[in-house]
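Take a look at the letters that make up each chain.
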Amino acid sequence: NTVVIIDEEGSILARLIRDNFIHYLRKRKTNFDIYSLTREEADFLIDEYHLTEFPSVLYFKNKKLINRINGFSYFEQRIEEVA
């Protein structure tokens, strides 16, 4: 089982995502390998899975993609209508 995080090199958001995954997985006692890659290092994954937004997180189980999250943020943006 593998989690791959693809983002800019050394970005704060990528480090936060990685640290949160590590904390969550240790807490749940789940065995996952976590890799944090730059866009250049993950060129083949970007082409293969047609990724356009970053950071992207890919979940693999038995070398098959089971889930992916593209371009998410920890900050929710809410738009309210003003009368």
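Residues numbered from 1 in each chain as written. Predicted model: local features only at pLDDT ≥ 70, side-chain atom pairs only at ≥ 80, totals over all residues. Heavy atoms only, no water.

Chemist: Before we go on, may I ask you to explain a negative patch on the surface in this structure?
Modeler: A surface patch of like charges, here negative, comprises Glu 9, Glu 40, Glu 41, Asp 43, Asp 47 and Glu 48. In this fold, Glu 41 is placed in the loop between β2 (33–37) and α2 (43–49). (Patch = residues over 30% accessible without salt bridge, like charges linked within 9 Å, V, L, I, M, F, W, Y side chains within 5 Å. Areas by Shrake-Rupley, 256 points an atom, 1.4 Å probe, with all protein chains shown as cover. Salt bridge = Lys/Arg side-chain N within 4 Å of Asp/Glu carboxyl O. Lys, Arg positive; Asp, Glu negative; His and termini not counted. Charge placed at Lys NZ, Arg CZ, Asp CG, Glu CD. Helix = DSSP H or I, 4+ residues; strand = E, 2+ residues; numbered from the N terminus.)

Chemist: Looking at this structure, I do not really get the sheet that holds strand β4 (residues 64–70). What am I missing?
Modeler: Two pairing modes exist for strands in a sheet, parallel and antiparallel, and in both the strands are linked by backbone hydrogen bonds. Here four strands make up an open sheet; going across it, the order is β2-β1-β3-β4 and the pairing mixed. Each end of this open sheet is capped by a strand with a single partner; those strands are β2 and β4. Looking at each pair of strands side by side, their axes are set apart by 15° on average, direction ignored. Of the pairings in the sheet, the one linking strand β1 (residues 2–6) to β2 comprises five bridges and is parallel in character. Across the sheet, the residue bridging to Val 3 is Ile 34, located in β2. Those strands touched by helix α1 (residues 12–28) are β1, β2 and β3 (56–61), and its axis lies near 180° from that of β2. (Pairing = 2+ DSSP bridges. Axes fitted to C-alpha atoms, helices over the stretch in contact; angles between N-to-C directions. Contact = heavy atoms within 4.5 Å.)

Chemist: What should I look at first to understand the confidence of the model for the protein in this one?
Modeler: Looking at the protein as a whole, its pLDDT mean stands at 76, while 82% of the residues score no less than 70. The low-confidence segment residues 76–80 (pLDDT under 50) makes zero contacts with residues lying over four places distant or belonging to another chain. (pLDDT = per-residue confidence, 0-100.)

Chemist: Teacher, can you tell me more about unusual backbone geometry here?
Modeler: A negative phi angle characterises most non-glycine residues, just as the trans form characterises most peptide bonds. Following Phe 54, the chain continues into Pro 55 via a peptide bond in cis, with omega recorded as 0°. As for its position among the elements, Pro 55 is in the loop between α2 and β3. The phi angle at His 50 is positive, at roughly 55°, despite the residue not being glycine. As for its position among the elements, His 50 is in the loop between α2 and β3.

Chemist: Quick question: what am I supposed to make of the pairing of β4 here?
Modeler: Sheet faces and side chains relate simply in a regular strand, where the side chains alternate between the two faces. Bridging between β3 and β4 involves six bridges; their strand directions are antiparallel. Across the sheet, Phe 60 pairs through a bridge with Leu 65, a residue of β4. What sits between β3 and β4 in their antiparallel hairpin is a turn of two residues, with Asn 62 showing a positive phi close to 55°.

Chemist: Just checking my understanding: could you explain the side chain of Thr 38 for this structure?
Modeler: Within the element layout of this structure, Thr 38 appears in the loop between β2 and α2. Residue class for Thr 38 comes out buried when judged on its relative accessible area of 10%. (Buried < 20%, exposed > 50% of the residue type's maximum accessible area, 1.4 Å probe, protein only.)

Chemist: How do you make sense of the side chain of Asp 7 when you look at a structure like this?
Modeler: Along the chain, Asp 7 falls in the loop between β1 and α1. One buried charged side chain, Asp 7, makes no salt bridge at all; its nearest oppositely charged neighbour is Arg 39, positioned 5.2 Å away.

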